[in-house]
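Coordinate inspection notes
Read off the chains here:
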Amino acid sequence: MGQLQRRLAEFAAARGWGPYHTPKNLAVALSVEASELVEIFQWLTPEQSAKVMEEPESAHRVADEVADVLAYLLQFCEVLGVDALDALAAKIERNELRFPVPGTPTPNCHSSE
């Protein structure tokens, strides 16, 4: 992931885009690209959406938008010094506590409760 972030940073620097890659601008660009991914699925039924990767044209569009979303997310993380994998691991841990598997005791519950 670090190698991809460096490659993206070098790509932007070579084109003089650095001044435009502020946290605000990157967050907005990330939102726009995520919306473009949503647009592909906008009017599809759940069944159609599950098969979107079976058609080469739609599969290509999905892959391109996923790449755009990931690129802007990685650039956003680079600018703000966020380790995306660490952030994700921490979030998963918090969610495991917030949303325990049904039927398992929670850490603050006693077996008699």
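Residues numbered from 1 in each chain as written. Predicted model: local features only at pLDDT ≥ 70, side-chain atom pairs only at ≥ 80, totals over all residues. Heavy atoms only, no water.

**A look at the overall build of the protein chain**
Operational definition: Put simply, DSSP H or I for four residues or longer makes a helix, DSSP E for two residues or longer makes a strand, and each gets a number counted from the N terminus. Restricting the calculation to C-alpha atoms gives the radius of gyration, and the globule rule supplies 2.2 Å times the number of residues raised to the power 0.38. What makes two residues a contact is simply this: any of their non-hydrogen atoms within 4.5 Å. Under the convention used here, a 1.4 Å probe and the Shrake-Rupley method define accessible areas, while residue burial counts only the protein chains that appear. The charge count treats Lys and Arg as positive and Asp and Glu as negative. His and the chain ends do not count. Taken as the charge location is NZ of Lys, CZ of Arg, CG of Asp or CD of Glu.
Along its length, the protein chain carries five helices and zero strands. If you list the helices and strands of the protein chain from N to C, you get α-α-α-α-α. Computed over the C-alpha atoms, the radius of gyration of the protein chain is 19 Å, more than 25% above the 13 Å expected from 2.2 N^0.38 for a compact globule of 113 residues. Viewed in the frame of its principal axes, the protein chain has a C-alpha envelope of about 65 × 40 × 25 Å. By sequence separation, contacts in the protein chain at least 24 residues apart represent 65% of the contacts at least 6 residues apart. Accessible surface, the protein chain: about 8800 Å² in total, of which carbon and sulfur atoms supply 60%. Here the protein chain carries 9 positive and 17 negative side-chain charges, and the mean point of each set is 5 Å from the other.

**Here's the deal with the environment of Ile40**
Relative to the elements of secondary structure, Ile40 occurs in helix H2 (residues 23-41). Residues Ile40 and Gly16, spaced 24 residues apart in sequence, show a C-alpha to C-alpha distance of 31 Å. Not counting residues within four places of it along the chain, the set of residues in contact with Ile40 comprises Val52, Arg61, Val62 and Glu65.

**Topic: the environment of Val28**
By secondary structure assignment, the location of Val28 is in helix H2. When the C-alpha atoms of Val28 and Tyr72 are compared, they prove to be 9.3 Å apart, with 44 residues separating the residues in sequence.

**Topic: the confidence of the model for the protein chain**
Defined as follows: Across the chain, each position has a pLDDT score giving the predictor's confidence in that residue, from 0 to 100.
Here the protein chain shows a mean pLDDT of 93. Residues at 70 or above account for 93%. Helix H1 (residues 2-14) is the least confidently modelled element of the protein chain, averaging 93 in pLDDT, while H2 averages 98, the highest of any element.

**What about the packing of aromatic side chains?**
We apply this condition: Side-chain rings of Phe, Tyr and Trp, where Trp is taken by its six-membered ring, are said to pair if the distance between their centres is within 6.5 Å; with planes under 30 degrees apart they count as stacked, over 60 as edge-to-face, and otherwise as tilted. Lysine NZ or arginine CZ positioned within 6 Å of the ring centre and within 35 degrees of the ring normal marks a charge as sitting over the ring.
For the structure on display, the rule yields one aromatic pair. Ring centres of Phe11 and Trp17 lie 5.5 Å apart, and the angle between their planes is 70°; on these two criteria the pair is classed as edge-to-face. The cationic tip of Arg15 hangs over the ring face of Phe11; the distance from NZ or CZ to the ring centre is 3.5 Å.

**Quick look at the packing of H1 against helix H4 (residues 56-80)**
Cut-off, in case you're wondering: Axis angles are defined between N-to-C directions and span 0 to 180 degrees, where every axis is a line fitted to C-alpha atoms and, for a helix, only to the segment in contact. The scheme is simple: roughly parallel for angles under 35 degrees, roughly antiparallel for over 145, roughly perpendicular for 65 to 115, oblique for anything else. When residue character is reported, Ala, Val, Leu, Ile, Met, Phe, Trp, Tyr, Cys and Pro are called nonpolar, Asp, Glu, Lys and Arg charged, and the others, Gly included, polar.
Running from N to C, H1 and H4 cross one another at 90°; their axes reach a closest spacing of 10 Å. By the criterion of interaxial angle, the relationship of H1 to H4 is roughly perpendicular. Contacts between H1 and H4 involve Leu4, Gln5 and Leu8 on the former and, on the latter, Ala71, Leu74, Gln75, Cys77 and Glu78. Of the residues belonging to the contact of H1 with H4, the class tally is five nonpolar, two polar and one charged.

**A look at H1**
Rule in force here: In a helix, the anticipated span is given by 1.5 Å times the number of residues less one.
Here H1 contains 13 residues, and its C-alpha end-to-end distance of 18 Å stays within 8% of the 18 Å for a straight helix at 1.5 Å per residue. Count one or two residues on from H1 and you reach Gly16, which has phi positive near 70°.

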